[in-house]
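Survey of secondary and tertiary structure
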Amino acid sequence: MDALVLCFCLALGLIHTTEEKVLRRGRVPPHIVFVMVDDQGYNDIGYHGSEIHTPVLDQLAGEGVKLENYYVQPICSPTRSQLMTGRYQIHTGLQHSIIRARQPLCLPSDIPTLPERLRQAGYSTHMVGKWHLGFCRPECLPTSRGFQSFLGSLTGSGDHFSFQSCDGTEACGFDLHDGNRPAWELKTAIICHDQRTPLFLYVALQAVHTPLQAPGHLLRRYQTLGNRPRRHYAAMVSGVDESVGEIVSELRERGYYNKSVLIYSSDNGGQPLSGGCNWPLRGGKGSYWEGGVRAVGFVHSPLLKRKRVVSQALIHISDWYPTLLSLAGYRDSDSSHLDGQDVWGAISSGLPCPRTEILFNIDPVSRRHGEVDPRLLNVNGFGIWDTGVRAAIRAGDWKLLTGNVGDGDWFPPQTMPGGPQQWQGMEKRRDQRGKSVWLFNVTADPYERADLAEARPEVVKVLLARLAEYNRTAVPPRNPPDDPMADPQLHGGVWTPWLGQEEAGDEGVDEEPDNTNRKARSKSTCRVCKLRALFKKVGNRMQRAALFL
């Protein structure tokens, strides 16, 4: 179980706000609780037939609306960026990979975020858990992007109990923050939130992301599972289940529940090598096959007009931005720039869904400079699209993939107990060899077993043209190299903003519990730090090289 989330849920540690905004409309907007779980696979929830026990989640989903045609991105940062902005990656410059801890990159500051808009609508906005949208500058932090309070981590992963996070083997540091300061001593308090002010609570769990860690009482539930990663993974999912139950209990006890909307979503598919399972979907985390992008998701709320139903509406993670703003009564003047759609009518009332198409991504960085193969444009791409570029799109029933879209195997659950040594006998497909275009009817064939690219070239041409149209609206990808100045050892052992700190002084970097004095930042110190960072980087590389001598 995620120790931070458990501690938070037991107290529902919302920061008390003395700011009271009088809403100018007669309807009181609902409280919104958005739970984002990390790396949960499609087959890793009870109501999808998993051996993992999730009674709370099963009940909440069963009493609400299960989203069974719901899509996210295949990795962490892109999914979170689209939730926060309502825009595809091609429109934020985040087309390639995650935002790494030492990368001088974050969510673009000129794009409004969901919590910023909700605050304008009179909401009190709070976040607990994993940010993973960049923190190189103070203005990138959650509290600078619309959240009135933040208790959680800035990087992509770390120890669930000690909050130590490492970026490779070269840079490690403490990663638990209360607002803009490191939370050396985690404290929570039961406080009161004015119920006349609508609440937006974003709970972004790091579980069930690696490292695989779980308390003994949860591990004992799965002692019959022979595969150790799967056993620990299953225990972590049960921890998530308990944590969500604690949140709902607090909502009920404090009188929020009857006026609340709870949304549950995984950020991407499960990673089979780390215990996750997406069976019977194809592929997993990091791939654009269904196992990487079709997510576990549901909505639970007393305010739903339809309950206990399964929705097949086509919904994407970017849709929550306009949907939640609409629920809040906010009319977005920037809606023409959004890629998300307001899908509340489809979820709550079963109305026709406005979304008919999803651009998963176009990643031009997936092709190295000079690797262009004319055949991929003129033959495979019909002169419309270079199919060596990693891209994926769904339109109606059809899904098209081009380029290297990730591992395309299936991982049946029966392979799990035997461990990795048994995975060589798995069902495998060889249709990725020498290919750069795939087409599936994912309504009739959600498991992506029947590639129809050769049988339906007219559909391929239409979808390639759509990729080309989208690409004309794309901004240049932002993928700067890692900055050695981000090393936590240069900042009191803490992952913290490292750019723009000369002007800000030491604000945002607190002292360690033993009150160890940190060196003052100055231009001369900065030059010394750069040299130290360079020497450390070279030394680490020499040590790694020595291992292979």
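Above this text you will find the structure in question.
This report concerns the structure included in the present document. (Residues numbered from 1 in each chain as written. Predicted model: local features only at pLDDT ≥ 70, side-chain atom pairs only at ≥ 80, totals over all residues. Heavy atoms only, no water.)

**Quick word on the overall build of the chain**
Note the following rule: By definition, any uninterrupted DSSP run of H or I lasting at least four residues is a helix, any uninterrupted run of E lasting at least two residues is a strand, and each is numbered from the N terminus. The classification of residues rests on relative accessible area computed with a 1.4 Å probe and restricted to protein chains. Under 20% of the type maximum is buried, over 50% is exposed, and intermediate values are partly exposed. Contacts are assigned to residue pairs that have any heavy atoms within 4.5 Å of one another.
The helix and strand tally for the chain stands at 13 helices and 18 strands. Taken over 549 residues, the chain has a buried fraction of 58%. Taking the contacts inside the chain whose residues are at least 6 apart along the sequence as the reference set, 75% of them involve residues at least 24 apart.

**Description of the pairing of strand β12 (residues 297–300)**
Note the cut-off: One requirement defines pairing of two strands: DSSP has to find at least two bridges between them.
Both faces of β12 are covered, namely the face carrying Gly297 and Val299 and the face carrying Phe298 and His300. Both strand β11 (residues 260–266) and β12 contribute to a ladder of four bridges, which runs antiparallel. Counterpart to Ser265 in the pairing with β12 is Gly297.

**Some details on the state of the cysteines**
Filter applied, for reference: A pair of cysteine sulfur atoms is labelled a disulfide when the two atoms are within 2.5 Å.
Tallying each qualifying case throughout the model produces two disulfides. The disulfide partner of Cys106 is Cys140, and the S-S distance across this bridge is 2.2 Å. Its S-S torsion of about -50° marks the bond between Cys106 and Cys140 as left-handed, since a negative value means left-handed. A residue pair is termed long-range when its members are at least 10 positions apart, and Cys106 in the loop between α3 (76–85) and α4 (114–120) and Cys140 in the loop between β4 (124–130) and β5 (149–153) qualify at 34 residues. What pairs with Cys166 in a disulfide is Cys172, and their sulfur atoms sit 1.9 Å apart.

**Let's talk about the pattern of salt bridges**
Once the charged atoms of two side chains with opposite charge are near each other, the side chains can pair. This is how the line gets drawn: In the sections that follow, a salt bridge refers to a side-chain nitrogen of Lys or Arg positioned within 4 Å of a carboxyl oxygen of Asp or Glu.
Scanning all chains against the criterion turns up 22 salt bridges. With a shortest N-O distance of 2.9 Å, Glu290 and Arg294 are connected by a salt bridge. When the shortest N-O distance is used, the salt bridge between Arg466 and Glu357 registers 2.6 Å. Of this pair, Arg466 sits in helix α11 (residues 457–471) while Glu357 sits in strand β15 (residues 357–363), and the two are 109 residues apart along the sequence.

**Regarding the sheet that holds strand β9 (residues 181–182)**
Note the cut-off: A fitted line through C-alpha atoms serves as each axis, taken over the contacting stretch for helices, and the angle formed by two N-to-C directions is quoted from 0 to 180°.
With mixed pairing, 10 strands are arranged side by side in an open sheet as β9-β8-β5-β4-β10-β1-β11-β12-β2-β13. The open sheet has two free edges, formed respectively by β9 and β13 (309–311), since each of these has just one partner strand. Examined bridge by bridge, strand β1 (residues 31–37) and β11 share seven bridges and lie parallel to one another. Directly across from Phe34, in β11, lies its bridge partner Ile263. Contacting β1, β10 (199–204) and β11, helix α6 (residues 228–253) crosses the sheet at an angle of about 175° to β1.

**Describing the nonpolar core**
To keep things clear, this is the line we draw: Grouping buried Ala, Val, Leu, Ile, Met, Phe, Trp, Tyr and Cys residues that are joined through side-chain atoms within 4.5 Å yields what is termed a nonpolar core.
In terms of nonpolar packing, the biggest core is built from 58 residues, with Phe34, Leu83, Phe200, Tyr202, Val299, Trp320 and Ile347 touching the most fellow members. Listed by contribution, the elements that provide at least two residues to this core are β1, β2 (65–67), α3, α4, β10, β11, α8 (320–327) and α9 (344–349). Among all residues touching Phe200, those that are not within four sequence positions of it are Ile32, Phe34, Leu114, Pro115, Leu118, Tyr123, Ser124, Thr125, His126 and Phe147. Core analysis: the second largest hydrophobic core is formed by 44 residues, Val35, Phe163, Val208 and Tyr257 among them.

**Examining the pairing of β5**
In terms of burial, β5 is largely enclosed, as five of its five residues are buried. The sheet contact formed by β4 and β5 spans five bridges and is parallel. Bridged to Lys130 within β5 is Ser153. Both β5 and strand β8 (residues 177–178) contribute to a ladder of two bridges, which runs antiparallel. Paired with Gly152 across the strands is His177, a residue of β8.

**Side note on α3**
Burial runs high along α3: 10 of the 10 residues are buried. Inspection of α3 places Cys76, Ser77, Pro78, Thr79, Arg80, Ser81, Gln82, Leu83, Met84 and Thr85 among the buried residues, and these make up the whole buried set. Contact partners of the buried residues in α3: β1, α4, β4, β10, β14 (315–316) and α8. Phi for Gly86, located one or two positions after α3, is positive at around 70°.

**Quick word on the side chain of Asn227**
Using the following cut-off: For the purposes of these results, a polar contact is taken to be a pair of N or O atoms within 3.5 Å, where, inside protein, one atom must be able to donate a hydrogen and its partner to accept one; residues adjacent in sequence count only when each atom of the pair is a side-chain atom.
Mapped onto the fold, Asn227 is located in the loop between α5 (216–219) and α6. One polar contact links the side chain of Asn227 to the main-chain amide nitrogen of Arg230, over a distance of 2.8 Å.

**Topic: the sheet that holds β15**
Strand order in this open sheet of four strands is β15-β16-β17-β18, and the pairing throughout is antiparallel. Each having just a single partner strand, β15 and β18 (437–441) make up the two edges of the open sheet. The sheet shows a mean angle of 10° between the axes of neighbouring strands, direction not considered. As paired elements, strand β17 (residues 398–402) and β18 share five bridges and run antiparallel to each other. Bridge pairing in β18 links Lys399 to Phe440. Where α11 meets the sheet, it contacts β15, β16 (390–395), β17 and β18, and its direction lies at approximately 65° from that of β17.

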